[in-house]
Amino acid sequence: MIKKKICMLGVFAVGKTSLVQRFVKSIFSDKYLTTVGVKIDKKTLDLDGTTVDVMLWDLQGEDEFQELQVSYLRGTSGYFLVADGTRAFSFDRALLLKEKVDKVVGDVPFVMLINKADLTDQWELDEAKVEEVLAKNWSVMKTSAKTGENVEKAFHTLTMMTLEQ
Amino acid sequence: MALNFEKRSVAFCFLDQDYQINRFGGSLETYGLRDLQKGQHAENVFPFLEGIFIGSRQSGLMRHVALESSVFADVHYIFDENGLWIVFLDATQEVERLTLMQQRGNEANLLKEKINQLNLQLEAANSRIENLQAELDSREKVDCEHTCEGK
Ligand SMILES: Nc1nc2c(ncn2[C@@H]2O[C@H](COP(=O)(O)OP(=O)(O)O)[C@@H](O)[C@H]2O)c(=O)[nH]1
Ligand SMILES: [Mg+2]
C-alpha cells in the first residue's frame, strides 16, 4: 500500500480544517473552531488504478500564540499552502511560510490554495502579487470548502504530484 | 506541571530496528491504543508516526497530537542503538486551555483585521470624495472665470 503524508499549512482561519473536512467527510460548517496541535485524517484514493492512502495532517495555523512546529513536517510527501482570498495578509504570510517550510522539508511538491472562492466579491488580493506567484509556475488553485469547488481536484492533483516525485 | 507524570498518564512503546512493536506499557488505553501485539508493524498502529520512520534517526517531540476522540498527547520519539522509544504524555487539559485562549484571541484578531479592512475602504472612499470635490471646485472656478469675464 502506498502511503503519502500531506500537511495543511497557512495562517489561522484560512480554511485548512474545513478543506480537510470537506474532502474526507463531505461536510462544512460556518462556525469557526480553532485547531490546536495536529489532527490526522486518512482517505484512500484511487488514482488511475493506483490506490493511495493519504494521511492529511491538519495543523494548527500560525498565529500570535504559536509558530509552526517543524516536527510535524518531518517526512511529509507534499503540502498545501493555504491562503484566504478575503484576507490579503494571509496571502503574504503564506509566501513567508513557504520559505520557512522549504528549509525544513526541502523540495517536495506543494499546491497553493486560495480558499473561500465562494466569496470572490469580497476578495482583496493584490493582483500584482498574485501575478508574481503565477509567474513562478507554482500550482495555484482557487477552492471553496463551502461549495466544494475544486476541493477534490486539489487533493488529487497534489497526491498525483507526490506519486510522480 | 510537565513533571507531574502521574496526572499525565504515561505510556510507552518500544519498536525494534524494523519498527515492529517489541515492548509496551503504561496507560496505552488512554490513547485509544488497545490490543497492541509484539511483532506488529508500528506503521499500521500509529498513523501519527508516519514520517518519523523516514530519513534521519533524530529524536524529537510532536506536541498536541489528537488521538482517541478528544484526547491529545505529547508524543516523544527517542532513537537509541536498538530501536525507537515512543513515549506518550497526556496533553488534553493543556490543549483545552490553549483552545479556549486561542479561540478568543483568533476571533478578536479576525475582527481587528475586518476593522482594518473597513478603515482602508473608508479611507479610499474618502480620498475619492476629496478628489471629486477638488475637481468640482476647479471646474466651478473655470466656469466662473468664463461667466464672470463679460461683466
Ligand atoms: N465562505 C467560506 N468560508 C470558509 C471556507 N473555508 C473555511 N471557511 C470558514 O472560515 C473559518 C475558518 O475555517 P477553518 O477551516 O477553521 O480554518 P483553519 O484555521 O485554517 O483551519 C470558519 O468559520 C469556516 O467556516 C470557504 O471556502 N468559504
Ligand atoms: Mg484548523
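Refer to the structure printed above.
Overview of the structure. (Residues numbered from 1 in each chain as written. Chains lettered and ligands numbered in written order. Predicted model: local features only at pLDDT ≥ 70, side-chain atom pairs only at ≥ 80, totals over all residues. Heavy atoms only, no water.)

1. Remarks on the overall build of chain A
Along its length, chain A carries four helices and six strands. Reading the secondary structure of chain A in the N-to-C direction produces β-α-β-β-β-α-β-α-β-α. Its C-alpha atoms give chain A a radius of gyration of 15 Å, within 12% of the compact-globule value 15 Å for 165 residues. Projected onto its principal axes, the C-alpha coordinates of chain A cover approximately 40 × 35 × 35 Å. Within the span of chain A, comprising 165 residues, buried residues form 53% of the whole. When contacts within chain A are restricted to residue pairs at least 6 apart in sequence, long-range pairs at least 24 apart make up 72% of them. Put simply, chain A has 22 plus and 25 minus side-chain charges, and the middle of one group is 6 Å from the middle of the other. (Helix = DSSP H or I, 4+ residues; strand = E, 2+ residues; numbered from the N terminus. Rg over C-alpha atoms; globule rule 2.2 N^0.38 Å. Buried < 20%, exposed > 50% of the residue type's maximum accessible area, 1.4 Å probe, protein only. Contact = heavy atoms within 4.5 Å. Lys, Arg positive; Asp, Glu negative; His and termini not counted. Charge placed at Lys NZ, Arg CZ, Asp CG, Glu CD.)

2. A few points about the interface of chain A and chain B
Listed by partner, the interface residues are 30 residues for chain A and 34 residues for chain B. Summed over both sides, the interface between chain A and chain B buries roughly 2,500 Å², with carbon and sulfur atoms accounting for 52% of that surface. If you sort the residues of chain A by the area they bury against chain B, V36, F65 and R74 of chain A come out on top, with a joint share of 27%. The interface formed by chain A and chain B contains three salt bridges. For E113 of chain B, the salt bridge identified is with R87 of chain A, shortest N-O distance 2.6 Å. At the junction of chain A and chain B, the tally comes to 17 residue pairs in polar contact (both at pLDDT 80 or more). (Buried area = accessible area lost by both parts, 1.4 Å probe. Salt bridge = Lys/Arg side-chain N within 4 Å of Asp/Glu carboxyl O. Polar contact = N/O pair within 3.5 Å; in protein donor to acceptor, adjacent residues only side chain to side chain.)

3. Some remarks on the coordination of the magnesium ion (ligand 2)
All names here are of chain A. Every protein donor of the magnesium ion (ligand 2) is listed here as T17 (OG1) and T35 (OG1), and their distances to the metal cover 2.0 to 2.1 Å. With a gap of 18 residues between them, T17 in helix 1 (residues 16-25) and T35 in the loop between helix 1 and strand 2 (38-47) connect regions that are remote in the sequence. With relative accessibility at 27%, the residue T17 sits in the partly exposed group. (Donors = N, O, S within 2.8 Å, 3.2 Å for Na, K, Ca; no water.)

4. Regarding unusual backbone geometry
Residue and element names in this part refer to chain B. At S9, a residue that is not glycine, the phi angle is positive and equals roughly 35°. Following the sequence through the fold, S9 ends up in the segment before strand 1 (11-15). Here S9 falls in the buried class, since its relative accessible area comes to 16%. The backbone of D35 sits at a positive phi, close to 55°, despite the residue not being glycine.

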